[in-house]
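A structural walkthrough
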Amino acid sequence: FSSLMRRVHEDQAAEASKAISLAGLRQALPRLGLESVDAREAEMVMRRYDLDESGFLGLSEFDKLVTDLSAFLNGTVPPSASAVLSMSTRDLQLALARLGVEADSLATSSVLRKYDANG
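Residues numbered from 1 in each chain as written. Predicted model: local features only at pLDDT ≥ 70, side-chain atom pairs only at ≥ 80, totals over all residues. Heavy atoms only, no water.

Along its length, the protein carries 7 helices and 0 strands. When the helices and strands of the protein are read in sequence order from the N terminus, they spell out α-α-α-α-α-α-α. Long-range pairs, those at least 24 residues apart, make up 52% of the contacts in the protein between residues at least 6 apart in sequence. A total of about 7,000 Å² of accessible surface is found on the protein, and carbon and sulfur atoms cover 53% of it. (Helix = DSSP H or I, 4+ residues; strand = E, 2+ residues; numbered from the N terminus. Contact = heavy atoms within 4.5 Å. Areas by Shrake-Rupley, 256 points an atom, 1.4 Å probe, with all protein chains shown as cover.)

Moving on, we come to unusual backbone geometry. Even without being glycine, Glu 53 reaches a positive phi, approximately 55°. By secondary structure assignment, the location of Glu 53 is in the loop between α3 (39–49) and α4 (59–73).

Time to look at helix α6 (residues 89–98). The complete set of buried residues in α6 reads Asp 91, Leu 92, Gln 93 and Leu 96. Its buried side turned inward, α6 meets α7 (105–115). A positive phi of about 90° marks Gly 100, the residue just after α6. (Buried < 20%, exposed > 50% of the residue type's maximum accessible area, 1.4 Å probe, protein only.)

Further remarks concern the packing of aromatic side chains. In total, this model carries 0 aromatic pairs according to the counting rule given. Over the ring of Tyr 49 we find Arg 48, and its NZ or CZ is 5.0 Å from the ring centre. (Phe/Tyr/Trp six-rings, centres within 6.5 Å; stacked < 30°, edge-to-face > 60°. Lys NZ or Arg CZ within 6 Å of the ring centre and 35° of its normal.)

Turning our eyes to something else, we now look at the packing of α6 against α7. It is the contact of α6 with α7, at a shortest axis distance of 9 Å, that shows an interaxial angle of 105°. The angle between α6 and α7 falls in the class roughly perpendicular. Taking contact as the criterion, the partners of Thr 89, Leu 92 and Gln 93 in α6 are, on α7, Ser 105, Thr 108, Ser 109, Val 111 and Leu 112. Its residues assigned to classes, the contact of α6 with α7 shows 3 nonpolar, 5 polar and no charged. (Axes fitted to C-alpha atoms, helices over the stretch in contact; angles between N-to-C directions. Parallel < 35°, antiparallel > 145°, perpendicular 65-115°, else oblique. Nonpolar A, V, L, I, M, F, W, Y, C, P; charged D, E, K, R; others polar.)

Let us look at the environment of Arg 26. Note that Arg 26 resides in helix α2 (residues 22–31). Remark: the alpha-carbon pair of Arg 26 and Val 45, spanning 19 residues in sequence, is separated by 9.5 Å. The residues touching Arg 26, leaving out its near neighbours within four places in the chain, are Val 37, Asp 38, Ala 39 and Ala 42.

Every buried residue of α3 is accounted for by Glu 41, Ala 42, Val 45, Met 46 and Tyr 49. One side of α3 carries all its buried residues, which in axial view fall inside an arc of 140°. Seen from the buried face of α3, the exposed residues on the opposite side, beyond 90 degrees, are Arg 40 and Arg 47. Measuring from the backbone nitrogen of Arg 40 back to the side-chain oxygen at the start of α3 gives 3.1 Å, which picks out Asp 38 as the cap. (Arc of directions from axis to C-beta. Polar contact = N/O pair within 3.5 Å; in protein donor to acceptor, adjacent residues only side chain to side chain.)

Right, let's talk about the confidence of the model for the protein for a bit. Of the residues in the protein, 70% reach a pLDDT of 70 or more, and the chain-wide mean stands at 74. Element-level mean pLDDT values for the protein span from 50 in helix α5 (residues 79–82) up to 87 in α2. (pLDDT = per-residue confidence, 0-100.)

What follows is the structure, encoded as structure tokens:
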């Protein structure tokens, strides 16, 4: 997973600053497993992980995001990420399909409503 993280970071990094912009983050998140991230959600992720408030994610900030995202996708969300990372119905449907479980959007929505700790 770390080689993917570095590859995404390198692909999206601004040449001079080696940092990921909000636009780059929005492009990177689907490659990291979050299939449907809208602009508002990407902004929330950026605010949470841009620790130096530069408006960009440096390698260490991006590394923290990838670590938290990996845990999230594996079902072990760390407290630092639980308030920002969320899963859409489509994300859950894709994750279930990867596990060999076919679920339509109605069933997937029902699962999200039942188990979503964020509301």
